[in-house]
Amino acid sequence: MTHPNVAIAELEQQISAVQWPQLDRKHLTYADIAPVMDELAGHAALRVTHIGASYLGTPIRRLTLGNGPLVVLAWTQMHGDEPTATAAVLDWLQLLLTQQLSGLPNDWQQLLTLHVVPMLNPDGAAQRTRQNAQGIDINRDALARQSPEGRLLWQQVQSLQPTLAFNLHDQNPYYAVGNSAEPATVAFLAPAYHPDKHVDSARLQAKQMIAHMRQMLSHWLPGGIARYDDSYSERSFGDNIAGTGASTILIESGAHRQDPHRQVARRMNVIALQVALEALFTDAHRNYTLADYYAIPANTADGFCDIKICQVTIDDGTHAPFQTDICLSREKGDELLRVEFIGDVRGIHGFTEYDARQQQLPELINIGDDATELVASLKPVQAGL
Ligand SMILES: [Zn+2]
């Protein structure tokens, strides 16, 4: 489906042409991305700086393009098990290095400096954990800074003083857009820098930028973009970086149907980042208001479960039969299906749903039961994720 905006349609084609195919994976480690970073470093325009190392000694690199006074800083995978934006920023750099982009002025590299830190938490990535090797959640370490990775990020912010900062994460797949049956494939936030959620000029710009990015992405994700809760989080990096006067934007990559490797969110990240970069030169985002930002539906936790069995009848032969919904979760690489919830789950959607109104179970089921056999006997009405 071609975007009606010719420049954006062209951009999408260019992104498809440059995406790193080897990064189409469910998870990414440092070993996966190091060869890609090495290849990017072959371009004379890209500067690579080893800014430090993780707790266990894996190098952390910063990739830089341009020499201009406007400074943009983006970092990814601060949570080790959240790899989607790592692939996206490596695509983005390849796009900027190899394509003629009609949305940018020819001399943009004299006007702007773009710094990207892919995979801030390589130890967590190696262990597939949110936390680093110390067990610390780096995104709760912005004040204490007990993690080397957190100290590195803070040093980057202090020394580079970005105008625009991108904090790039993945969210669990169960977030929905508002009360809809659409998964939140992308969620945005302009974090607060104070408990009272003041909006200074930098935060206003972040909100306008988000409204603009959302507008551009809505062609592909008409109901799939949400607004993340903006409660102030004292210990978190986004909130503290917003407090430095940087227009700070959190992008959460989320689930999309039939997309287990989150390649839709990956592509949407690249488009969003590029649209934001271009807007710094055109001020396209200045046409949006705070109302446009708040019109984005809320990012709703627990809007989905993996599998929903609707209205099965349980009749144990001793008690009166009753009808109930059942939610199941996939575990151990999708091999196991476990009962997670029994009862009324209206308002929660299943990525796969079964209509079991004609189905009877001869005995009670329990939370935690293996439901693989039960599901094998049912026919899905909506097959998903
Ligand atoms: Zn995260």
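Starting afresh in each chain, residues are numbered from 1 along the sequence in its written order. Local features in this predicted model are restricted to residues whose pLDDT is 70 or higher, and side-chain atom pairs enter the listing and the counts only when it is 80 or higher, whereas totals over whole chains, interfaces and linings include all residues. Excluding hydrogens and water, the side-chain values take into account all heavy atoms of the structure.

S.K.: What exactly am I supposed to notice about the packing of helix α1 (residues 6–18) against helix α3 (residues 84–98) here?
M.R.: A packed helix pair is summarised by two numbers, namely the angle formed by the two axes and the spacing between the axes. Lines fitted to C-alpha atoms define the axes, with helix axes restricted to the stretch in contact, and inter-axis angles between N-to-C directions lie between 0 and 180 degrees. Where helices and strands are cited, they refer to DSSP runs of H or I of at least four residues and of E of at least two residues respectively, numbered from the N terminus. Packing of α1 against α3 leaves a shortest axis separation of 9 Å and a crossing angle of 110°. Put simply, α1 runs roughly perpendicular to α3. Residue-level inspection shows Leu-11, Gln-14, Ile-15 and Val-18 of α1 in contact with α3, the latter providing Asp-91, Gln-94, Leu-95 and Thr-98. Think of it as three bins: nonpolar holds Ala, Val, Leu, Ile, Met, Phe, Trp, Tyr, Cys and Pro, charged holds Asp, Glu, Lys and Arg, and polar takes everything else, Gly as well. Among the residues forming the contact of α1 with α3, the class breakdown is four nonpolar, three polar and one charged. Oblique is the label for any angle not under 35 degrees, not over 145, and not in the 65 to 115 range, which are roughly parallel, roughly antiparallel and roughly perpendicular in turn. Between two residues, a contact is recorded if the distance between any of their heavy atoms is within 4.5 Å.

S.K.: Any chance you could explain the coordination of the zinc ion here in plain terms?
M.R.: The textbook angles at a metal center are 109.5 degrees for a tetrahedron of four donors and 90 or 180 degrees for an octahedron of six. Note: metal donors comprise N, O and S atoms at 2.8 Å or less from the metal (3.2 Å for Na, K and Ca); water molecules are not included, so apparent gaps in a site are possible. Taken together, His-79 (ND1), Glu-82 (OE), Glu-82 (OE) and His-169 (ND1) make up the protein donors of the zinc ion, found 2.0 to 2.6 Å from the metal. By the criteria applied here, four donors are tetrahedral when all angles lie between 85 and 135 degrees, four are square planar and six octahedral when opposite donors are over 155 degrees apart and every other angle lies between 65 and 115, and any other arrangement is irregular. Around the zinc ion sit four donor atoms; with metal-centred angles ranging over 55 to 153°, the donor geometry is irregular. We note that the donor set of the zinc ion lies within a single chain, spaced as H-x2-E-x86-H. Of this pair, His-79 sits in the loop between β3 (70–76) and α3 while His-169 sits in strand β5 (residues 164–170), and the two are 90 residues apart along the sequence. Burial status follows relative accessibility: with a 1.4 Å probe on protein chains alone, a residue under 20% of its type maximum counts as buried, one over 50% as exposed, and anything between as partly exposed. Given a relative accessible area of 2%, His-79 falls into the buried group. On the basis of relative accessibility, which here comes to 3%, the residue His-169 falls in the buried class.

S.K.: Would you take a moment to explain the UniProt feature "domain: Peptidase M14" (unreviewed entry) in the chain for this structure?
M.R.: UniProt positions are given in the numbering used here, feature names are shortened, and annotations may be inferred rather than shown by experiment. Mapped onto this structure's residue numbering, the UniProt feature "domain: Peptidase M14" (unreviewed entry) falls at residues 26–280. Within residues 26–280, the helical portion is 35% and the strand portion 20%, while the C-alpha atoms at the span's ends are 32 Å from each other.

S.K.: Which parts of the structure should I look at to understand the sheet that holds strand β9 (residues 247–253)?
M.R.: Sheets are built from strands that pair by backbone hydrogen bonding, the pairs being arranged parallel or antiparallel. Strand order in the open sheet made by the eight strands is β1-β2-β4-β3-β5-β9-β7-β8, with mixed pairing throughout. What marks the edges here is a single partner per strand, and that holds for β1 (47–53) and β8 (225–227). Averaged over all pairs of adjacent strands, the angle between strand axes in this sheet comes to 20°, irrespective of strand direction. For two strands to be treated as a pair, DSSP must find no fewer than two bridges joining them. Across six bridges, β3 lies against strand β4 (residues 112–117) in parallel orientation.

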